[in-house]
Amino acid sequence: MTMLHRPESLDEACMLLAELDDAQVYGGGTAIEILRRQGILFTEDLVDVSRIPELRAVETGPDGVRAGAMVPVRRMETDPAIRRAVPLAARTYGHVANPRVRNTATVGGNVAHGDYRLDPPTALLVLDATIEARSVRGPRSLAVREFFTGFQETALEHDEVITAITVPAQPTDAVGRFVKMSSLSANDWPSASAAALLTTEDGRRTLHLGLGALAPVPVHLSLDVSGMPTERAVSEAMAAAEPLMDPIPDVRGSSDYKRRLGLVAVREAATDVCEERTHA
Ligand SMILES: Cc1cc2nc3c(=O)[nH]c(=O)nc-3n(C[C@H](O)[C@H](O)[C@H](O)COP(=O)(O)OP(=O)(O)OC[C@H]3O[C@@H](n4cnc5c(N)ncnc54)[C@H](O)[C@@H]3O)c2cc1C
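Bear in mind the structure is a predicted one, so any value in this text is a computation, not a measurement.

Asks: Please set out the sheet that holds strand E14 (residues 219–224) residue by residue, giving values where relevant.
Replies: Judged by pairing direction, the sheet is antiparallel, and its 4 strands sit side by side in the order E11-E12-E13-E14 without closing on themselves. With one partner strand each, in any of the chains shown, strand E11 (175–181) and E14 form the two edges of the open sheet. Neighbour-to-neighbour, the strand axes of this sheet turn through a mean angle of 15 degrees, independent of strand direction. The sheet contact formed by strand E13 (residues 204–212) and E14 spans 6 bridges and is antiparallel. Residue Leu207 lies in a different strand from E14, and its bridge partner there is Leu223. Contacting E13 and E14, helix H9 (residues 230–241) crosses the sheet at an angle of about 140 degrees to E14. On top of the sheet, helix H10 (residues 255–274) reaches E11, strand E12 (192–201) and E13; it is set at about 155 degrees to E11, its chief contact.

Take a look at the structure:
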């Protein structure tokens, strides 16, 4: 029988996760409930962290955004201060499933889910976000770029709870774009996705790309595109991205089909940022 624990503090949550053998954190429950119904998840102890007030806090400022793990995905999409500070991330959160899922799914549960197809990690990778976690051993920070370690695997220990995600402010002169290709319906998981961010620093232009659904983990790459016309920058981006693609065939398409969609997503996202088009 499943036991739902409802700690009211982070210390209490960490103690429960340390003491219980096979416990899992319960965030918004959107992924957990499906896995339970499919008979894939058998955990007896669920640690619901929704009563811990600090996990719902959002701080925005010139350095960026720090969002508590229990902040709904929908808030990342709609909060005006978040949209101003990290527009690419806000737009990408807005592509997760549908409004009903986005109202319930949380920022922490999203990354902890560890699915290679998730939309938000593509933007979090290019923006170099950090995940904060806590356990009875204390707090630690993990770069999103090192968080996804394998198919459905993350660097999170079984007794750690994600407490917040920090996204550095998107430079005001940087241009971001997220492209999602879905083959079943617009609200569905992607067959391929790409986030692109073009930054300029000391005259050097760098194109950062985050790829979703195109390999067993979300992928990140950066290219120096200083002085390149759009066409060349885009073809170099596609050439650099293709060898990193290793799509998993499923009901949404064969590996070859997804690879081709991935190249289209990269081409579209890279072209738009090079041409300074930022529509969602
Ligand atoms: C119909 C449907 C369509 C979807 N389509 C998309 C899509 O198009 N794009 C996309 O990106 N995603 C999609 N998703 C996935 C969705 O993004 C995730 O289900 C959601 O983000 C998980 O968040 P949650 O808070 O509900 O996590 P939960 O279901 O509560 O938990 C998910 C995992 O994270 C762990 N966890 C939760 N919170 C924490 C925490 N604070 N610390 C440590 N571990 C934690 C849980 O133990 C569990 O392993 C879809 C989901 C559904 C149901």
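Still to come is the rest of the account.
Asks: Any chance you could break down the pattern of salt bridges for me, citing the residues and the numbers?
Replies: Inspection of the entire model under this criterion finds 21 salt bridges. Asp188 serves as the salt-bridge partner of Arg252, at 2.5 Å between the closest nitrogen and oxygen. With Arg252 in the loop between H9 and H10 and Asp188 in the loop between E11 and E12, this residue pair connects regions lying 64 residues apart in the sequence. In this structure, Arg252 and Asp188 share a single accessibility class: buried. Salt bridges linked by common partners bring Glu59, Arg66 and Glu132 together as one network.

Asks: A description of the site of the ligand should follow, citing residues and the corresponding values.
Replies: Around the ligand, a shell composed of 30 residues is seen, among which Val25, Gly28, Thr30, Thr106 and Asp119 lie nearest. Relative to its unbound accessible surface of 970 Å², the ligand loses 90% to contact with the protein. Sorting the residues of the shell around the ligand by element identifies strand E2 (24–26), helix H2 (30–37), helix H7 (107–113) and strand E10 (161–168) as the ones contributing at least two each. Tallied by class, residues from the shell around the ligand come to 16 nonpolar, 10 polar and 4 charged. The residue makeup of the shell around the ligand includes at least three contributed by each of domain 1 (3–167) and domain 2 (175–274).

Asks: Please set out unusual backbone geometry residue by residue, giving values where relevant.
Replies: Glycine aside, a negative phi is what most residues show, and trans is what most peptide bonds show. Of note, Ala97 is a non-glycine position whose phi angle comes to about 45 degrees, a positive value. Take Ala97: it is sitting in the loop between helix H5 (87–93) and helix H6 (99–104). Note on Ala97: relative accessible area 22%, which makes it partly exposed. One non-glycine residue, Asp202, lies in positive phi territory at about 50 degrees. When you line up the elements, Asp202 lands in the loop between E12 and E13.

Asks: Describe the packing of H9 against H10, and please don't skip the residues or the numbers.
Replies: Two elements in contact, H9 and H10, have axes separated by 9 Å at closest approach and are oriented at 145 degrees. When you trace H9 past H10, the crossing you get is right-handed. Residues Thr230, Ala233, Val234, Ala237, Met238 and Ala241 of H9 form the contact with H10, whose own contacting residues are Leu263, Val266, Arg267, Ala270, Thr271 and Cys274. Looking at the contact of H9 with H10 residue by residue, the classes come out as 9 nonpolar, 2 polar and 1 charged.

Analysis parameters
Residues numbered from 1 in each chain as written. Predicted model: local features only at pLDDT ≥ 70, side-chain atom pairs only at ≥ 80, totals over all residues. Heavy atoms only, no water. Pairing = 2+ DSSP bridges. Helix = DSSP H or I, 4+ residues; strand = E, 2+ residues; numbered from the N terminus. Axes fitted to C-alpha atoms, helices over the stretch in contact; angles between N-to-C directions. Contact = heavy atoms within 4.5 Å. Salt bridge = Lys/Arg side-chain N within 4 Å of Asp/Glu carboxyl O. Buried < 20%, exposed > 50% of the residue type's maximum accessible area, 1.4 Å probe, protein only. Near = heavy atom within 4 Å. Areas by Shrake-Rupley, 256 points an atom, 1.4 Å probe, with all protein chains shown as cover. Nonpolar A, V, L, I, M, F, W, Y, C, P; charged D, E, K, R; others polar. Domains from an automatic or database assignment. Left-handed = near helix turned anticlockwise from the far one by under 90°.

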